[in-house]
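Okay, here's what each chain looks like letter by letter:
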Amino acid sequence: MLIPSSIDRRQFVKTTTLAASAALLPQAAHAEASAVYQLPALPYGFDALEPHIDALTMQIHHDKHHAAYIVNLNAALAKAPELASKPLDQLLATLPAIPDEAQQTAIRNNGGGHWNHDFFWKTLAPAEKSGKPSAALASAIDAQFGSMDGFKKALGEAAVKRFGSGWVWLIQQGDTLKIVSTANQDHPGMKGIVPDADLGTPLLGLDVWEHAYYLHYQNRRPDYVSAWLNIVNWETVSGRFVPKI
Ligand code: MN3
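Rules used in this analysis
- Residues numbered from 1 in each chain as written.
- Predicted model: local features only at pLDDT ≥ 70, side-chain atom pairs only at ≥ 80, totals over all residues.
- Heavy atoms only, no water.
- Pairing = 2+ DSSP bridges.
- Helix = DSSP H or I, 4+ residues; strand = E, 2+ residues; numbered from the N terminus.
- Axes fitted to C-alpha atoms, helices over the stretch in contact; angles between N-to-C directions.
- Contact = heavy atoms within 4.5 Å.
- Buried < 20%, exposed > 50% of the residue type's maximum accessible area, 1.4 Å probe, protein only.
- Patch = residues over 30% accessible without salt bridge, like charges linked within 9 Å, V, L, I, M, F, W, Y side chains within 5 Å.
- Areas by Shrake-Rupley, 256 points an atom, 1.4 Å probe, with all protein chains shown as cover.
- Salt bridge = Lys/Arg side-chain N within 4 Å of Asp/Glu carboxyl O.
- Left-handed = near helix turned anticlockwise from the far one by under 90°.
- Nonpolar A, V, L, I, M, F, W, Y, C, P; charged D, E, K, R; others polar.
- Polar contact = N/O pair within 3.5 Å; in protein donor to acceptor, adjacent residues only side chain to side chain.
- Donors = N, O, S within 2.8 Å, 3.2 Å for Na, K, Ca; no water.

### Some thoughts on the sheet that holds strand 1 (residues 166-173)
Strand order in the open sheet formed by three strands is 2-1-3, with antiparallel pairing between adjacent strands. In this open sheet, the two edge strands, each paired with only one partner strand, are strand 2 (176-183) and strand 3 (201-207). This sheet shows a mean twist of 20 degrees between the axes of neighbouring strands, independent of strand direction. With eight bridges connecting them, strand 1 and strand 2 associate as antiparallel partners. Considered in strand 2, the bridge of G166 is made with A183. Running over the sheet, helix 6 (residues 135-145) touches strand 1, strand 2 and strand 3 and is turned about 75 degrees from strand 2.

### Examining unusual backbone geometry
Geometrically, the link from E50 to P51 is a cis peptide bond, its omega value of 0 degrees lying close to zero. Checked against the element boundaries, P51 lands in the loop between helix 1 (6-34) and helix 2 (55-78). Positive phi values are uncommon outside glycine, yet N184 reaches one of about 50 degrees. Structurally, the position occupied by N184 is in the loop between strand 2 and strand 3. With relative accessibility at 41%, the residue N184 sits in the partly exposed group. We note that Q218 has phi near 50 degrees; this positive angle belongs to a residue other than glycine. Position of Q218 relative to the elements: it lies in the loop between helix 8 (214-217) and helix 9 (221-228). With a relative accessible area of 30%, Q218 lands in the partly exposed category.

### Let's talk about a nonpolar patch on the surface
A surface patch of nonpolar side chains, amounting to about 260 Å² of accessible area, comprises L56, I60 and L215. For I60, a relative accessible area of 33% corresponds to the partly exposed category.

### Here we look at the packing of helix 2 against helix 5 (residues 101-123)
Remark: helix 2 packs on helix 5, axes separated minimally by 8 Å, with the N-to-C direction vectors making an angle of 145 degrees. The way helix 2 lies across helix 5 gives a crossing that is left-handed. Mapping the contact onto sequence places M58, H61, H62, H66, A68, Y69, I70, N72, L73, A76 and L77 in helix 2 and Q103, A106, I107, N109, N110, G111, G113, H114, H117, D118, F120 and W121 in helix 5. Here the contact of helix 2 with helix 5 is built from residues that sort into eleven nonpolar, eleven polar and one charged.

### Observations concerning the side chain of N116
With respect to the element layout, N116 can be found in helix 5. Under the relative-accessibility criterion, N116 is labelled buried at 0%. For N116, the side chain forms a polar contact with the side chain of H187, separated by 3.4 Å. With residues near it in sequence (within four places) discarded, N116 still touches W167, W169, Q185, D186, H187 and P188.

### Digging into the pattern of salt bridges
On inspection of all chains with the given rule, the structure shows four salt bridges. One salt bridge in this structure joins K122 and D118, with 2.9 Å as the shortest N-O distance. Of the two residues, K122 and D118 both sit in helix 5, four residues apart, roughly one turn of that helix. According to the relative accessible area criterion, D118 is partly exposed, its value standing at 22%. Notably, a salt bridge pairs K153 with E157, separated by 3.4 Å at the nearest N-O pair. Within this pair, K153 and its partner E157 are both found in helix 7 (residues 148-161), separated by four residues, close to a single helical turn.

### Some words on the coordination of the manganese ion
Those protein atoms acting as donors to the manganese ion are H61 (NE2), H117 (NE2), D207 (OD) and H211 (NE2), and they sit at 2.0 to 2.1 Å. Donor residues binding the manganese ion come from one chain and are separated in sequence as H-x55-H-x89-D-x3-H. One exposure class covers both D207 and H211, and it is buried.

### Thoughts on the environment of L56
You can see L56 is positioned in helix 2. Since its relative accessible area comes to 48%, L56 is described here as partly exposed. Between the alpha carbons of L56 and H216 there is a distance of 9.3 Å; along the sequence they are 160 residues apart.

What follows is the structure, encoded as structure tokens:
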């Protein structure tokens, strides 16, 4: 075997590196110009939520599932550039205005997927940083559900009742809190699609798709929900709550 001298090797590395960069450049520049949405980095490491959610589940969930929603959302928007400049929550709130049914479905599924997952990652924190609801939110939870345990029970029941894939949400509507559930990647603000889309502001969103828990919990969705409640970022959730003035 011919071993190149160190100079040759250096030159070889330099040349091939340049070639590789050059080959990537047009594609990278093109991707940047046409990709409306980028996969946001997780606000913590893949293993940060262990043992409640395992690192492999987090990695696949973020790097594969969430990434795919973004790729597919960008592909849908590339065919509808007039929609690309709309903020995502506005786009999701006006889905029925998109006349092309296939396009509407693609944006519903993948735009919802992106919004919901971005919200989901921010809703969570390592168990030691989970904290507690603010006094205002805690009192609203007590008023609505009797106690924190009452809230957890209601959330768990809604999670079990969601047949197939979907989400369970804690939503603020005026002074009251509600637990609602959506199918697939439907988002609580999808007016004309989600029946209660005017319920208010989502405070917390629980992903009950099997991809969120199956590796570790298999069919035990209630166990996943109990564990998940240990890693809620209550500071963030409390920040979304608007106390009664
Ligand atoms: Mn998911």
